[in-house]
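Descriptive structure summary
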Amino acid sequence: MKGLKKKIDGIKPNFEKGGKFEKLHSVFDGFYTFLFTPNETSKSGVHIHDSNDSKRTMITVVLALLPCCLFGMWNVGYQHFLAIGEPGHGILREFFYGFFAVLPQILTAYIVGLGIEFVVAQIRGHEIQEGFLVSGILIPMICPVDTPCWMLAIAVAFAVIFAKEVFGGTGYNFLNVALVTRAFLFFSYPSKMSGDNVFVSLGAQSAVDGYSGATPLGQLASMEPGMTNMTGVTGDPLSFTDIFFGLYPGSWGETSTFCILIGAVILLATGMANWRIILSALGGGLLMSWLANELASPLYPATFVNPFEQLCLGGFMFAIVFMATDPVTACRTNIGKYIYGFLIGTIAVIIRCYNAGYPEGAMLAVLLMNCFTALIDHCVVSANIRRRLNRTSNS
């Protein structure tokens, strides 16, 4: 690596001001700082001296996502072979089947998203930001495996331009970019994203070209009053173990609560996520699930689901661990984080239980609360100021 760095440092002057490739400075700087920790230091006004930067921060989050990502790839293959009645092909074959199934989505998200960010940075003469390192892997993970790449490309372009770059880029967006992409797909192409139709078989070499079936939440939303039996692709009832480990079809990266918890431990141990948001969201979701279960009605089949199963189903856990904790779009104050997380958990379960048109409520809950983070923080800070003023006047 030292030899590589020496060679790159040798061509660096060509991309600096006055150099032959001055106009490509942002592109060069983006690659350079991705490979090596910058050796420049701030000359004034700094309060923190640390070798860590946003690229290393984003890479840590990507590492926390790896358990979900690798499991999701394997689960795609596993569900495929179950659906065509040919289980037992081995972990490696199932994994590589899923890997090649989701690879086009991952490449599409990164090529479109990073391409737009590179162009915008070049036009503005700014440094290339690193936020899309995480968004680029999050986006395909929260989409069904059969989402066409052209749809994904349009949604990614919309989210990066209108939910991020128009506000100033990384660090200035008030909405989670990955969830905006998901919402764009959901409302623009509902048949692909509603949960009523999940494709788990992609190979033409099998006895059938594909299997279409509803996710567990999609099944609940379309069930007759009083029915609550959720089944897998083989028609067998799903156990809590199946739900906890994610052995069912759905958006391929968000089904396994077990893998999500591994990611949560990594994020909390490295300080990348705030425990207050995760804890309060779990509390709000659990409380609302319990209330819905206690007041269960045959008109709303999802209310009969066990509260713990409710939290493990769909994208609830994935949303509160990897989406709600986004430091850019979440609340800044400690009390605000409790309020923000609690409302996300509560609203997600309310939407899921009482609105059959939106079987997965976590996406809308996080986006809705993203819109209120500034207001929540403002109210918390104002309350603190009033409390201190009262304390001063009383003394």
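Residues numbered from 1 in each chain as written. Predicted model: local features only at pLDDT ≥ 70, side-chain atom pairs only at ≥ 80, totals over all residues. Heavy atoms only, no water.

A look at the overall build of the protein chain
What the protein chain contains, in helices and strands, is 17 helices and two strands. Across the 395 residues of the protein chain, 50% fall into the buried class. Restricting to contacts in the protein chain with at least 6 residues of sequence separation, those with at least 24 account for 68%. Of the roughly 19,000 Å² of accessible surface on the protein chain, a fraction of 65% belongs to carbon and sulfur atoms. (Helix = DSSP H or I, 4+ residues; strand = E, 2+ residues; numbered from the N terminus. Buried < 20%, exposed > 50% of the residue type's maximum accessible area, 1.4 Å probe, protein only. Contact = heavy atoms within 4.5 Å. Areas by Shrake-Rupley, 256 points an atom, 1.4 Å probe, with all protein chains shown as cover.)

Observations concerning the packing of aromatic side chains
Taken as a whole, this structure holds 20 aromatic pairs when the rule is applied. Ring geometry for F95 versus F96: centroids 5.3 Å apart, planes at 75 degrees, classification edge-to-face. Residue F96 is classed as partly exposed on the basis of its relative accessible area of 41%. Aromatic side chains F244 and F245 sit 5.1 Å apart centroid to centroid with 85 degrees between the ring planes, which places their arrangement in the edge-to-face category. Three or more aromatic residues joined by ring pairs form one cluster here, namely F95, F96, F99 and F100. (Phe/Tyr/Trp six-rings, centres within 6.5 Å; stacked < 30°, edge-to-face > 60°.)

With respect to the packing of helix α12 (residues 275–294) against helix α14 (residues 316–323)
Packing of α12 against α14 leaves a shortest axis separation of 9 Å and a crossing angle of 155 degrees. The angle between α12 and α14 places the two elements in the roughly antiparallel class. Crossing of α12 over α14 shows right-handed handedness. In this structure, α12 uses I278, A281, L282 and G285 to contact α14, whose residues at the interface are F316, M317, I320 and V321. (Axes fitted to C-alpha atoms, helices over the stretch in contact; angles between N-to-C directions. Parallel < 35°, antiparallel > 145°, perpendicular 65-115°, else oblique. Left-handed = near helix turned anticlockwise from the far one by under 90°.)

Notes on the layout of surface pockets
Approximately 540 Å³ is the volume found for the second largest pocket. Around the second largest pocket sit 26 residues that line it, and M58, V134, D326, P327 and V328 are the ones nearest its centre. Every element with two or more residues in the lining of the second largest pocket is listed here: α3 (54–83), α5 (132–141), α7 (177–188) and α14. The biggest single contributor to the lining of the second largest pocket is α3, with four residues. (1 Å grid on protein atoms, 1.4 Å probe; cavity = no way out; pocket = protein on both sides within 12 Å on 5 of 7 lines; lining within 4 Å. Points joined across faces, edges and corners; volume = space filled by probe spheres on them.)

With respect to α7
Helix length check: α7 (twelve residues) gives 16 Å between terminal C-alpha atoms against 16 Å at 1.5 Å per residue, within 8%. Buried residues dominate α7, accounting for ten of its twelve residues. Packed against the buried residues of α7 are α5, α6 (149–162), α8 (190–193), α14 and α16 (362–370). If you check the start of α7, you find a side-chain oxygen 3.1 Å away from the backbone N of A178, and it comes from N176. (Expected span 1.5 Å × (residues − 1). Polar contact = N/O pair within 3.5 Å; in protein donor to acceptor, adjacent residues only side chain to side chain.)

Focus: the pattern of salt bridges
For the structure shown, the criterion picks out two salt bridges. Put simply, E117 and K164 hold a salt bridge, and the shortest N to O gap is 2.4 Å. Of this pair, E117 sits in helix α4 (residues 91–124) while K164 sits in the loop between α6 and α7, placing them 47 residues apart in sequence. The two residues E117 and K164 agree in class, both being buried. Of the charged contacts, one joins E360 and R352 as a salt bridge, the two residues approaching to 3.0 Å between their closest N and O atoms. Given a relative accessible area of 17%, E360 falls into the buried group. (Salt bridge = Lys/Arg side-chain N within 4 Å of Asp/Glu carboxyl O.)

Considering the nonpolar core
L65, W252, F318, F322, M323 and Y340 are the most contacted members of the largest nonpolar core, which totals 94 residues. Top element by residues in this core is α3. It accounts for nine residues. With residues near it in sequence (within four places) discarded, F318 still touches L65, C68, L138, M141, I142, G253, E254, I260 and M323. (Core = buried A, V, L, I, M, F, W, Y, C linked by side-chain atoms within 4.5 Å.)

Re the side chain of N173
Within the secondary structure, N173 is located in the loop between α6 and α7. A polar side-chain atom of N173 sits 2.9 Å from the main-chain carbonyl oxygen of L175.

Brief notes about the confidence of the model for the protein chain
Reading fine detail from the predicted coordinates is not recommended where pLDDT is low. Overall, the predicted model of the protein chain reaches an average pLDDT of 84, with 79% of residues at or above 70. A low-confidence stretch, residues 201–212 stays under pLDDT 50, and its non-local contacts, those more than four residues away or across chains, total 33 contacts. (pLDDT = per-residue confidence, 0-100.)

Topic: the environment of I111
Examined against the element boundaries, I111 turns out to sit in helix α4. A C-alpha to C-alpha distance of 9.8 Å links I111 and V156, two positions 45 residues apart in sequence.

Observations regarding the environment of K192
Structurally, K192 can be placed in helix α8. Taking the C-alpha atoms as reference points, K192 and T147, separated by 45 residues in sequence, lie 6.6 Å from one another. Sequence-distant contacts of K192, defined by excluding residues within four places in its chain, comprise P144, D146, P148 and M151.

Concerning a positive patch on the surface
Taken together, the side chains of R386, R387, R388 and R391 make up a positively charged region of the molecular surface. Its location among the elements puts R387 in helix α17 (residues 373–394). (Patch = residues over 30% accessible without salt bridge, like charges linked within 9 Å, V, L, I, M, F, W, Y side chains within 5 Å. Lys, Arg positive; Asp, Glu negative; His and termini not counted. Charge placed at Lys NZ, Arg CZ, Asp CG, Glu CD.)

Focus: the environment of T231
Here T231 shows up in the loop between α9 (216–222) and α10 (240–245). On the basis of relative accessibility, which here comes to 24%, the residue T231 falls in the partly exposed class. Linking T231 and T215, residues 16 residues apart in sequence, is a C-alpha distance of 8.6 Å. Ignoring anything within four residues of it in the chain, the contact list for T231 reads Q219, D236, P237 and L238.

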